[in-house]
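Here is what each chain is made of, one letter per residue.
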Amino acid sequence: MSDYFLSIKKLKLVPFMVLFTSCIENAPMDSLSPEGPYARTIDDLFWLTFWIAVGVFFLVLTILLVAVVIFRDKPDKPEPKQIHGNTKLELLWTVIPALILVAIAIPTVRTIFDLAKEPENAMKVEVVGHQWWFEFKYPQYGITTANVLIIPEDKPIRLEMWSNDVMHNFWVPKLNGKRYLVPGQITYLNLYADNTGEYWAQCGEYCGLSHSKMRARVISLSNSDFKMWVENEQKEARRPEEGTLAAKGEQIYLNAGCTQCHVINGVWDIQGDRIAPNLTHVAGRHVLGGASFENNPEDLTKWLSNPAAIKPGTFMPNLELTEDEIVALIEYLGTLK
Amino acid sequence: MSETIQEKKLLTVFKRPSSSEGIWSWITTVDHKRIGIMYGYAAFFFFLIGGLEALLLRIQLARPENNFLSAAEYSAMFTMHGTTMVFLAIMPISAAFFNYLLPLQIGARDVAFPRLNALSYWIWIFGGLFLYSTFIFGTAGAPEGGYLAEEIGWLGNAPSGGWFGYQPNASIKYSPGTAMDYWAVGLQILGISSLISAFNFITTILNMRAKGMRLMRMPVFTWMIFATAFLLAFSVPIIAIALFFVTFDRQFGTTFFLVEGGGDPVLWQHLFWLFGHPEVYILILPAFGIVSEVLPTFSRKPLFGYAAIVFAGFGIAFIGFGVWAHHMFASSISPVAQAGFGISTMIIAVPTGVKIFNWLGTIWGGKLNLKTPMLFALGFIAMFVIGGLSGVTHSVVPADTQQTDTYYIVAHLHYVLFGGAMFGIFAGLYYWFPKVWGKMYNEKLGQLHFWLMIIGFNLTFGPMHWLGLKGQIRRTWVYAEETNLGFWNMISTIGSFIIALSIIVFMANWAYSRRKGPVAPMDPWDARTIEWTVPSPTPVWNFSTPPEVENLDDFWHKKYGEDSEGRAVRKDTADQLLVDLEEDGLNPKEHIKLPNPSYFPFILALGLPLLGYAVIYKSVALAGVGLVLFLIGGFGWALEPIEEETIENSSTASESVGHE
């Protein structure tokens, strides 16, 4: 397949390419900067179609403009010949576009089936959509986390996805196209990152008020780093030392109502799913709240003082925590590495 | 016959209304021209509201992390913008053209069912007002159990599930309050109006053509009305059923689309797009028709490949029913379905391409008169081609999984529906302005409107192509600074205000020229079709003498012959023909019996929104009042007498036009 695309790629018109892609530099959600084989296949297919489309557009526009210039009414111009049609020409512009479309259809269909295949030796991750955050579960490691999907580099990942409430749509533009998360069904998406790096992700389908803040990050780690991450995630939460500010924070966590929705493994021993993210290793995530803000004391203070002001419609209530309580809670959460 | 009329007179309390001026004459009118004009103004009013909603959206998106609108307000605005533009602006503006022009283009004095035509209008306007009453009565809120930091103001108390109303987000659990019910019930009412129109137009075209007007002599615009009416007749029932399911789910606890009750939310997507994709062609085919009238007239050449354009139109309409799942490539459909719908989507590009090239063939070798309608028609071709070609990139399924739900799609659909449908509509508004008002619009202002609009349009929607490819999702209330999308969003917002400016120029031109413009001759464009054989403005009886048609583009052939080279030569008789036609058109030789006005379409239609409120508020009283109005309307309609209407000085009744 790559030969087919290579020949097309050589045809790319460099100046247009520069004009087009330099419009927006360093966009973290760029679908035209693939960083893995799936996204790259799609990218190749897009550019093939794109340049054909550009060619047809300029053909039409040129005919249109030339016609306007040379056939424009002038006083001494004779009346035009009354031509009603031309069967040969009309057949020509029926058949040629049809052939062009066949040329597009063949690689399209092939790629559809390629992309849908379950890769061999893929690591399975479950993705659960919630209003408005993504939950990631690693069944083979017994890990549950949120907002940040950690994957090993250079290895196929098979996502099994569903939604806990409304339709969502998981999209990591640099790694693959998007796929819906549907309540009551399982959908699949493959990811593959060539190298280590951080990739932005976002819910694509409108899913309610805070849809635009339903984001995520995908981080690909080297194999050894990934192993270390897994080992750490599998541990229960660290308990703060008695008498510290963090210990006070833990008490607030246990008593203020957080445990109604959140789980911290090893601290509150009710098992099972909760409607809010698992916080066992929350300090290891650099973004929170559906990856809509950074994990730093400043942003976290805003979030804890009034979650709905950050994410309208959120299911996290305003617990009317005092400033001191928030400081202690943030201190505690910071220890959950 | 007269005895039946006598009997009917006894049975009804009302006399048929007779005023020909003032507000009652408009409320009771069954004249297709007046109904067309009312459709046009009301639809343009909604177009302005939809445009204001769009401007609010653009202001919110001008900067990253903006807080001009709240999330609730933003969701309400994009939902209402889409719903308004589709159901309350473009469709009814097309209906305005259909109503005004269809009888004129086929040589009839009215549509087949004039009172049904009025009913269709009143149902539509009441449906639109019902939908918009959500801003007064409706309520919206966070999903069940969710929190909001601030109250939702009136601007946010509108449907917020998107014009596509995806389930289960639009269900009562995730979209509580009544706003989404206003949406579902409102669209239901609007759908009734569309169905009535569709059957009325189909019957009119099949039964009321002038002598000699065979199907293949009909103007292309009439053909496209025909195709659109069939699309409506087959697609609206689908959405009607789906909307009933939604209303039942929300109001009466059924679970058609809810997983917890064994329902399937993806089924909604299938049903919605099974209607929604034909709907796209319902919006664009009328513009195809308008452009196919404007281009030949202003090129002084016949349409290149008339038959091919007609068949391509029907081909598009037919295949349009087989491409719906291309809106769902990222949804849960199998690779086989993806491949199938990808290919069917590619196939639909072929007839579309045929149309484009035939239009180019029409202007090629012509004598192009670049008046405003022609500029808009040419702009239509250029802009629509961009929308069509970006559509082809969506048919490439893997690429579409990157593009779907991004601004790339927003760009695509606006190039089709604004650059396509609206440019075509503006071409038509300028083209037929003299026939409707008997005045000429101001050419300079018209051209200014065109240039402002095409610049503003491309500035607004052009950048959205790369905004989408660079990762801006649709329906996004805010976007992060780090996405680096701010600059082009700002450009896009600036562009949207240039469009707004162009609309102001258009309105100024319209308002001024309608009253103070120079008097329009009968045939200002040296046109081809028979609506130009009646005086400007069109007399209430349309044709004094029923026209007889011998050719496609009959009027042109009566004015022009061809020399040995095939060039058009004006016949010596042409000037006298125009004088005679105008003389005849203004002075009918015999009394012309026109359909009587009626109160009942208005009364019947008034019942529907009340029934709608009754469903939302589960009110028996409202249902009762609504039903009474509905029944009064229906029975009164059936029983009202035909009354003599005296126009001019004639005495003997001759033919009746309305088959009432």
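Residues numbered from 1 in each chain as written. Chains lettered and ligands numbered in written order. Predicted model: local features only at pLDDT ≥ 70, side-chain atom pairs only at ≥ 80, totals over all residues.

Caption draft 1: Inspection of the domain arrangement of chain A at higher detail. All names here are of chain A. Annotation of chain A at the domain level lists domain 1 (2-116), domain 2 (123-234) and domain 3 (245-335). With centres defined by C-alpha atoms, the gap from domain 1 to domain 2 works out at 34 Å. Each partner contributes to the interface: domain 1 provides 13 residues, whereas domain 2 provides 15 residues. Per-element tally for the side of domain 1 that touches domain 2: the top contributor is helix α3 (residues 37-70), with four residues. (Domains from an automatic or database assignment. Contact = placed C-beta atoms within 7 Å. Helix = DSSP H or I, 4+ residues; strand = E, 2+ residues; numbered from the N terminus.)

Caption draft 2: Expanded view of helix α19 (residues 600-617) of chain B. All names here are of chain B. Taking 1.5 Å as the rise per residue, α19 with 18 residues should run 26 Å; its terminal C-alpha atoms sit 26 Å apart, in good agreement. Across the 18 residues that make up α19, a large majority, 15, are buried. Positive backbone phi, approximately 45°, marks Lys-618, located one or two places after α19. (Expected span 1.5 Å × (residues − 1). Buried ≥ 20, exposed ≤ 12 C-beta atoms within 10 Å, placed from the backbone.)

Caption draft 3: Region of the structure containing the interface of chain B and chain A. In this complex, chain B contributes 89 residues to the contact, which on the side of chain A involves 88 residues. Counting residues per element, the side of chain B that touches chain A draws most heavily on helix α11 (residues 335-363) of chain B, at 16 residues.

Caption draft 4: View of the sheet that holds strand β9 (residues 197-203) of chain A. All names here are of chain A. If you trace the five strands from one edge of the open sheet to the other, you get β4-β10-β9-β6-β7, paired in mixed fashion. The open sheet has two free edges, formed respectively by β4 (148-152) and β7 (179-181), since each of these has just one partner strand. Neighbour-to-neighbour, the strand axes of the sheet open up by a mean angle of 25°, direction not taken into account. One ladder, built from three bridges, connects strand β6 (residues 168-171) with β7; its direction is antiparallel. Counterpart to Phe-170 in the pairing with β7 is Arg-179. Helix α5 (residues 223-234) contacts β4 and β10 (215-221) of the sheet and is inclined by roughly 130° relative to β4. (Pairing = 2+ DSSP bridges. Axes fitted to C-alpha atoms, helices over the stretch in contact; angles between N-to-C directions.)

Caption draft 5: Expanded view of the confidence of the model for chain A. Taken residue by residue, chain A gives an average pLDDT of 91. The fraction at 70 or more is 92%. Between residues 1-15 of chain A, whose pLDDT stays under 50, and residues either more than four places distant or in other chains, the model counts 10 contacts. (pLDDT = per-residue confidence, 0-100.)

Caption draft 6: Highlighting the sheet that holds strand β3 (residues 143-146) of chain A. Residues and elements named next belong to chain A. The five strands are arranged β3-β2-β1-β5-β8 in an open sheet whose pairing can be described as mixed. Of all strands in the sheet, those bounded by a partner on one side alone are β3 and β8 (187-191). Across this sheet, the average inter-strand angle for adjacent strands is 25°, counted without regard to direction. With five bridges connecting them, strand β1 (residues 123-130) and strand β2 (residues 133-138) associate as antiparallel partners. When the bridges of β2 are listed, Val-127 appears paired with Phe-136.

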